[in-house]
Amino acid sequence: MNKFFVIYEKLFRTYRPQGWWPILSLAGKKGFDADGYHKGSYDYPWNEQQRFEIILGAILTQNTSWKNVEKSLKVLQEKDLLSAENMEALSERKLASLIKSSGYFNQKAKKIKAMIAFLKSKKPITRDNLLSIWGVGPETADSILLYAYHKPVFVIDAYTRRIFSRIGLCKADVRYEELQQMFHKDLEKNVELFNEYHALIVEHAKAHCRTKPDCEKCPLLSLCKYGRRLKPDLD
DNA sequence: TCCCAGGGGCCGA
DNA sequence: TCGGCCCATGGG
């Protein structure tokens, strides 16, 4: 039995489609809710501006809650700065002041500037090329590849390590590429599946598998090593 | 007041 | 290669 897919199905049945990656500039439009989520649809042919918005979000959300990122994106949207062309003219200092709510604003302004320079270079959007950009690590690169460019790469984050190490499928400090390989090996390389699965992992980490876990009504309790240790009377 | 959030760069061992 | 530190706001 393919454990990774079983877990996906349990999460999907519990939390339903998550509508990732949210596109704020399309919020309220047909197929998009008030926060830009598009539940059950994965194959929007993002144009350059929408891709850029996803890339911005991927950088701004580094170690930061999405709510704080939304605030920054709204500020940028109001100033018509959700395009690489318009943002390029902005000074790094000014950009930093506009994305304050996302935290690490000096670093992130520098990262966004580096990303814009890369996009302008017209180099191919490959994982290696993305990783060569200052401020882009494996999670950010894979988020961009999956959600902006529809490439079938599984995104690993701190939540993925936490959930799957508690379940007992990997160590808590498993290397990024190692855990990613486990997903790639066990799952069909499918963009929609990878899109939804990662989003469901984030939702599950917020709903139950928090730093201090709430195992009581966890949908994965029956197959989780950690949860079963807390509830030995499960069988 | 403290902890955590959809990480990544840098530096010294 | 790996651990430790830095970056910083905002919500619970």
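Above this note sits the structure.
Here the structure is a predicted model, which means the values were calculated and not measured.

**Some details on the protein's contact with DNA strand B**
Next, step 1: Taken together, 24 residues lie near DNA strand B, and W21, E139, T140, Y159 and R162 sit nearest.
Next, step 2: Those atoms of DNA strand B that come within 4 Å of the protein belong to sugar or phosphate at a rate of 70%.
Next, step 3: Put simply, the parts of the chain that give the surface near DNA strand B at least two residues each are α6 (105-121), α8 (138-148), α9 (158-167) and α11 (191-207).
Next, step 4: It is α8 that contributes the most residues to the surface near DNA strand B, three residues altogether.

**Section: the protein's contact with DNA strand C**
Next, step 1: As a structural note, the neighbourhood of DNA strand C is formed by N63, N68, K71, K100, S101, G103, Y104, F105, N106, Q107 and R175.
Next, step 2: One nitrogen or oxygen atom from the main chain of F105 is found 3.3 Å from a phosphate oxygen belonging to DNA strand C.
Next, step 3: Q107 is positioned such that a nitrogen or oxygen atom in its backbone is 3.2 Å from a phosphate oxygen of DNA strand C.
Next, step 4: Elements with a minimum of two residues in the surface near DNA strand C: α3 (66-78) and α6.
Next, step 5: No other element matches α6, which puts three residues into the surface near DNA strand C.
Next, step 6: Its residues assigned to classes, the surface near DNA strand C comprises two nonpolar, six polar and three charged.

**Considerations on the environment of Y44**
Next, step 1: On the secondary structure map, Y44 appears in the loop between α1 (3-15) and α2 (48-60).
Next, step 2: Sequence separation between Y44 and A148 is 104 residues; the distance between their C-alpha atoms is 9.7 Å.
Next, step 3: Residues within four places of Y44 in sequence aside, it is in contact with G31, F32, H38 and H150.

**Some points on the pattern of salt bridges**
Next, step 1: Enumeration over the complete set of coordinates arrives at six salt bridges.
Next, step 2: Notably, a salt bridge pairs R127 with D142, separated by 2.8 Å at the nearest N-O pair. In this pair, R127 sits in helix α7 (residues 127-131) while D142 sits in helix α8, placing the two residues 15 residues apart along the sequence.
Next, step 3: The closest approach of N and O atoms between R127 and E177, which form a salt bridge, is 3.4 Å. Separated by 50 residues along the polypeptide, R127 in helix α7 and E177 in helix α10 (residues 176-186) bring together distant segments of the chain.
Next, step 4: Where salt bridges share partners, they join R127, D142 and E177 into one cluster.

The rules behind these values
Along each chain, the written sequence defines residue order, and numbers are assigned to residues from 1. As a convention, the first chain written is A and the first ligand written is 1, with the rest following in written order. Predicted model: local features are reported for residues with pLDDT of at least 70 only, side-chain atom pairs are reported and counted for 80 or more only, and whole-chain, interface and lining totals are derived from all residues. In computing side-chain properties, one takes all heavy atoms of the structure into account and sets aside hydrogens as well as water. Residues are classed as near a molecule or strand on a simple rule: at least one heavy atom within 4 Å of it. By the criteria applied, helices consist of DSSP H or I runs no shorter than four residues and strands consist of E runs no shorter than two, each listed in order from the N terminus. Counted as a polar contact is a pair of N or O atoms within 3.5 Å, where, for protein atoms, one must be capable of donating a hydrogen and the other of accepting one, and residues adjacent in sequence contribute only when both atoms are in side chains. Polar here means any residue outside two lists: the nonpolar Ala, Val, Leu, Ile, Met, Phe, Trp, Tyr, Cys and Pro, and the charged Asp, Glu, Lys and Arg; Gly therefore counts as polar. When checking whether two residues touch, look at their non-hydrogen atoms; a contact exists if any pair is within 4.5 Å. Throughout this description, the term salt bridge denotes a Lys or Arg side-chain nitrogen within 4 Å of a carboxyl oxygen of Asp or Glu.

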